[in-house]
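Listed below, chain by chain, are the residues.
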Amino acid sequence: MRFELTPRTTVSPVARALAPVAAFITAFLIAGVVIWLMGRSPIAAFDVYVLQPLSDPWSLQELLVKATPLMLIAIGLSYCFRANLWNIGAEGQYVIGAVFGGWLALRTHGTDAGAWVLPAMLLLGIIGGALYGLIPAFLKIRFGVNEILTSLMLVYVAQLFLDYLSRGPWRDPKGFNFPQSVTFDPAATLPSIMEGSRIHWGAIFALVAIVITAIILGRTLFGYRLKLTGDAPRAARFAGFSSKATTMAVFAISGGLAGLAGIVEVSGQIGQLQPSISPGYGFTAITVAYLGRLNPVGILIAALVVALTFIGGESAQILLKLPLDLTQAFQGILLLCVLAADALVSYRIRFVTRGGGK
Amino acid sequence: MKEDVSPSGPPFVELKGISKRYGDLLANDGIDLAIAPGEIHALLGENGAGKSTLVKILYGVIEPSAGEIRWEGRPVTIGSPVEARALGLGMVFQHFSLFDEMTVAENIAVALSDEWDLAMVRSRLSEISRTYGLALDADRAVWTLSAGERQRIEIVRCLLQNPRLLILDEPTSVLTPQEAEHLFKTLDKLSAEGCSILYISHKLEEVRRLCRRATILRAGRVVATIDPRAISAREIAALMVGNEVGEIRSDAPHAPQGEVLRVNHLNMPPAGLHGVALKDINFVARAGEIVGIAGVAGNGQSELFAALSGERLADRADTVTIAGRACGTIGIDTRRRLSAAFVPEERLGHAAAPTHRLSENTLISHAATEVSRSGFILLNAAKRLARTIIKSFDVRTPEGDPQARKLSGGNLQKFVIGREIIRKPKLLIVDQPTWGVDAGAARLIRQALVDLAREGSAVVVVSQDLDELFEVADQMAVIHQGSLSPLKPIRAWTREAVGLEMLGVAQAQGGAHAV
């Protein structure tokens with residue numbers, strides 16, 4: 001016996017709308033079984049992962065802090081994914097954005113450089129991420145190299161480069177040999193929105209990016225170009241949209257936004273450069289983009305939901321002694337469930353018994 | 001003309017009164033066909049004559065609306081290709097279905113039932129390769145092979161299942177002459193062993209080399225069953241394209257005005273394995289006239305369309321001149337802004353995005369249409385334009401602004417042609433304007449093309465439908481293997497002359513050395 005996927009003739013809009021919810025429930029059930037197999041109570045885990053963070057004001061703020069880079073990166077990725085181009089390397093573009101922007105913070109450290117430092121850092125972050133994103137785009141259009149492989153492999157290059165900088169040339173000489181740079185000056189630190197709040201200006205940037213993207217995708221010829229390239233590439237060429245230019249543009253945009261997320265995180269949250277500056281935001285953002293159906297508002301909601309798993313994961317590590325890897329595993333399960341749910345909305349499973357074709 | 005050449009023995013396979021109806025279109029109309037054991041039987045006809053429909057019925061891909069298939073005298077229903085194969089039918093398609101990254105043996109194994117393992121495939125493969133002279137290395141990856149070698153895989157795949165009737169659809173279209181000769185030897189051997197072969201082609205020389213009987217289809221009907229060696233190429237061409245003279249419009253001949261399109265020594269390499277190179281194409285289209293380009297599909301029409309539209313760029317600017325501007329090296333947007341408009345052959349996926357609404361599909365020709373301003377989409381203007389097209393061109397839609405794929409072929413074609421005509425372009429280039437379209441829509445579309453030309457535009461119609469070209473064109477040329485015959489006034493063409501050009505035998509009979 002084997003399975004076949006056959007396209008459904010009609011796709012129910014209700015099923016399409018409920019698919020992410022179904023995916024979520026399924027992912028929780030699978031994770032529950034895993035936790036149960038590890039000898040912990042799935043119900044206690046659900047409490048720690050979901051209920052506690054949502055009932056505590058500190059956690060709610062933290063939720064927005066963690067959702068900020070996810071939103072910025074996922075909104076950028078939505079440009080790529082709409083055009084059926086696969087930038088899997090946002091994590092690397094995020095790191096290079098942090099390196100570019102961080103360079104200026106370190107160069108101006110200890111000087112009384114003015115208010116221009118922070119905007120220039122942010123701009124450098126965008127440029128760094130965009131340039132790094134353009135590498136797989138260039139390799140694809142010039143040599144036909146698969147962008148999934150190159151963008152993914154460049155993540156490791158970026159991470160090791162940051163590792164080298166933090167341990168080598170950019171290490172704080174007075175830092176007791178810890179692999180860290182100096183702490184950024186106040187002029188190079190992204191301020192909080194309100195006094196005493198953990199939420200910084202990055203959240204505003206993310207919201208602005210979401211609004212602008214909603215306008216671009218829904219109202220401009222460029223947005224239509226991406227949709228047409230994704231849905232009917234031959235028609236896109238017929239419409240005069242060069243696929244090379246589209247590839248370069250979306251990789252630059254998604255790389256730029258990932259780079260912005262990187263410098264925002266470093267200057268708003270971490271305050272210095274160190275070997276690890278991300279719990280995998282660049283990869284998790286792929287889940288967020290799909291969970292949000294590549295729709296800007298959907299991504300806003302999905303980023304908040306997925307940020308929950310980061311906070312829950314940290315608490316679960318402390319309270320239930322569950323490894324942090326489980327969080328990443330859960331995010332992976334979630335992505336698979338989302339893709340499966342989407343597939344099942346458009347296709348149905350048919351069981352074919354052997355010899356049944358006769 | 002019915003020159004009956006009956007086979008000697010009882011037929012092995014017999015089709016009786018096969019008909020297939022698609023809406024208004026009768027693709028097959030009471031077709032009778034009999035193939036004797038061991039016979040190589042040719043099926044000849046223009047594109048659209050109903051050859052593929054007939055073969056698909058025989059191979060169980062589509063169900064006939066009426067008629068009967070007899071296999072060794074016994075009536076059978078063939079519900080699917082699996083059933084066809086179980087009966088002993090093998091089919092070699094024109095386009096290969098092979099996995100490039102896999103080896104020859106793996107490609108054969110995936111197509112067979114589960115009882116076959118790779119070792120068995122390997123041993124049978126070498127046996128068949130030896131017997132039929134089909135040299136194949138079982139462990140080579142398919143992407144390293146030539147077209148001829150790939151076709152051998154397809155043939156071996158069929159032979160492994162011991163077929164008793166082998167169908168080949170235009171098998172030599174991708175082969176070199178040497179590879180083709182090799183194929184013919186294999187087919188002769190198979191035939192001598194008693195395997196019947198149905199050979200679909202429009203190349204006369206091949207059919208004469210291989211077959212003693214040929215069935216000629218035209219417009220879904222059998223027009224004759226003949227011995228291709230006994231009658232002349234001229235007669236066969238006449239049978240294929242029909243004898244009746246096209247209905248020429250009675251309106252007074254008009255004086256064509258200035259030159260709108262000039263194609264000048266246009267050469268272009270093929271785009272891929274199945275592509276055709278364009279060889280030194282020259283012609284001119286003037287305002288007020290329709291230029292028809294006839295030819296059997298796959299002779300360079302889509303390549304010519306891509307070169308004229310700017311989807312593929314030439315290496316010299318002066319190869320294509322539109323409205324006085326040399327634009328062989330500039331893209332489709334700029335050509336549209338020069339008031340040129342294009343309608344490709346493929347409606348879904350090329351002329352229109354299937355899952356997009358009609359209003360969104362107006363954006364495809366945005367370069368010359370008022371549906372955007374400084375990069376922003378004018379949603380209401382797009383919707384208004386879609387409504388106007390729907391109304392002016394009688395597009396029947398299931399709802400106000402449906403997705404393109406919800407429309408029938410004829411209605412979508414009216415929409416995509418309407419989208420271009422409605423802005424009164426100075427030049428319209430359209431590839432197969434009424435392909436697969438019902439009679440009513442076809443009439444409306446042809447009328448719209450004629451009206452556009454009468455209002456002073458130049459129109460280029462690339463079509464396989466000779467009746468259509470005789471009806472609308474003022475000037476016509478024939479494309480064959482990427483070369484274009486001289487452009488002549490429509491009255492100077494006889495159907496026979498067109499048929500000979502389409503078969504590529506015109507030059508041969510003219511005495512020059514033909515390839």
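- The name an unreviewed UniProt entry assigns to chain B is ABC transporter, from the organism Microvirga vignae.
- Recorded in UniProt under Sequence similarities (unreviewed entry), the annotation for chain B is "Belongs to the ABC transporter superfamily."

- With an unreviewed UniProt entry as reference, chain A is termed Sugar ABC transporter permease, source organism Microvirga vignae.
- The UniProt entry for chain A carries the following text under Subcellular location (unreviewed entry): "Cell membrane".

### A closer look at the overall build of chain A
So, step 1. Looking only at helices and strands, chain A features 13 helices and 2 strands.
So, step 2. Counting every position in chain A, which comprises 358 residues, the buried fraction comes to 46%.
So, step 3. In chain A, the share of contacts with a sequence separation of at least 24, taken over all contacts with a separation of at least 6, comes to 78%.

### Looking at the overall build of chain B
So, step 1. Assigned secondary structure in chain B consists of 17 helices and 23 strands.
So, step 2. Its C-alpha atoms give chain B a radius of gyration of 24 Å, near enough to 24 Å, the size a compact globule of 515 residues would have.
So, step 3. Across its three principal directions, the C-alpha atoms of chain B cover 65 × 50 × 45 Å.
So, step 4. Here chain B holds 515 residues, and 47% of them are scored as buried.
So, step 5. For chain B, restricting intrachain contacts to residue pairs at least 6 apart in sequence, the fraction spanning at least 24 positions comes to 67%.

### Structural notes on the interface of chain A and chain B
So, step 1. Across the contact, 15 residues belong to chain A and 23 residues belong to chain B.
So, step 2. Mapped by element, the contributors of at least two residues to the side of chain A that touches chain B are helix 8 (221-231) and helix 9 (233-238) of chain A.
So, step 3. At 5 residues, the largest contribution of residues to the side of chain A that touches chain B is made by helix 8 of chain A.
So, step 4. Among the residues forming the side of chain A that touches chain B, the class breakdown is 8 nonpolar, 3 polar and 4 charged.

### With respect to the packing of helix 5 (residues 117-143) of chain A against helix 10 (residues 243-270) of chain A
Residues and elements named next belong to chain A.
So, step 1. Taken N-terminus to C-terminus, the directions of helix 5 and helix 10 make an angle of 145 degrees; their axes are 6 Å apart at the nearest point. Considering the relative orientation of helix 5 and helix 10, their crossing is right-handed.
So, step 2. Along the lines of polarity and charge, the residues of the contact of helix 5 with helix 10 split into 15 nonpolar, 11 polar and 2 charged.

### Comments concerning helix 8 of chain A
So, step 1. Along helix 8 of chain A, the positions that sit buried rather than exposed are Gly223, Tyr224, Arg225, Leu226, Lys227, Leu228 and Thr229 of chain A.
So, step 2. For helix 8 of chain A, the elements touching its buried residues are helix 3 (57-82), helix 7 (202-219), helix 9 and helix 10 of chain A together with helix 11 (358-361) and strand 18 (376-377) of chain B.

### Topic: the sheet that holds strand 8 (residues 196-201) of chain B
Residues and elements named next belong to chain B.
So, step 1. On the basis of which strands lie adjacent, the open sheet formed by 6 strands has the order 6-7-8-3-9-10 and mixed pairing. Each edge of the open sheet is held by one strand with a lone partner, namely strand 6 (89-92) and strand 10 (221-226). Between one strand axis and the next, the sheet turns by 20 degrees as a mean value, whatever way the strands run.
So, step 2. Bridge count for strand 3 (residues 40-44) against strand 9 (residues 213-218) is 4 bridges, and the pairing is parallel.

### Some remarks on the confidence of the model for chain A
So, step 1. Scored by pLDDT, chain A has a mean of 90; 98% of the residues are at 70 or more.
So, step 2. Ranking the elements of chain A by mean pLDDT puts strand 1 (residues 2-7) of chain A last, at 78, and helix 5 of chain A first, at 97.

### Points about the pairing of strand 11 (residues 259-268) of chain B
All names here are of chain B.
So, step 1. By the bridge criterion, 6 bridges tie strand 11 to strand 12 (residues 278-286) in an arrangement that is antiparallel. Across the sheet, arginine 262 pairs through a bridge with valine 284, a residue of strand 12.
So, step 2. Bridging between strand 11 and strand 14 (residues 320-322) involves 3 bridges; their strand directions are antiparallel. From the neighbouring strand, leucine 261 faces strand 14, where its bridge partner is isoleucine 322.

### Notes on the nonpolar core
A general tendency of soluble globular proteins is for nonpolar side chains to be buried together.
So, step 1. Counting residues in hydrophobic clusters, the biggest one holds 154 residues, and the most contacted among them are Leu427 and Val461 of chain B.
So, step 2. Not counting residues within four places of it along the chain, the set of residues in contact with valine 461 of chain B comprises Ile290, Gly292, Val430, Pro433, Leu449, Leu469, Val472 and Ala473 of chain B.
So, step 3. In terms of nonpolar packing, the next biggest core, distinct from the first, is built from 99 residues, Met121, Leu154, Leu273 and Ile286 of chain A among them.

Basis of the calculations
- Residues numbered from 1 in each chain as written.
- Chains lettered and ligands numbered in written order.
- Predicted model: local features only at pLDDT ≥ 70, side-chain atom pairs only at ≥ 80, totals over all residues.
- UniProt positions renumbered as here; feature names shortened; annotations may be inferred.
- Helix = DSSP H or I, 4+ residues; strand = E, 2+ residues; numbered from the N terminus.
- Buried ≥ 20, exposed ≤ 12 C-beta atoms within 10 Å, placed from the backbone.
- Contact = placed C-beta atoms within 7 Å.
- Rg over C-alpha atoms; globule rule 2.2 N^0.38 Å.
- Nonpolar A, V, L, I, M, F, W, Y, C, P; charged D, E, K, R; others polar.
- Axes fitted to C-alpha atoms, helices over the stretch in contact; angles between N-to-C directions.
- Left-handed = near helix turned anticlockwise from the far one by under 90°.
- Pairing = 2+ DSSP bridges.
- pLDDT = per-residue confidence, 0-100.
- Core = buried A, V, L, I, M, F, W, Y, C linked by C-beta atoms within 7 Å.

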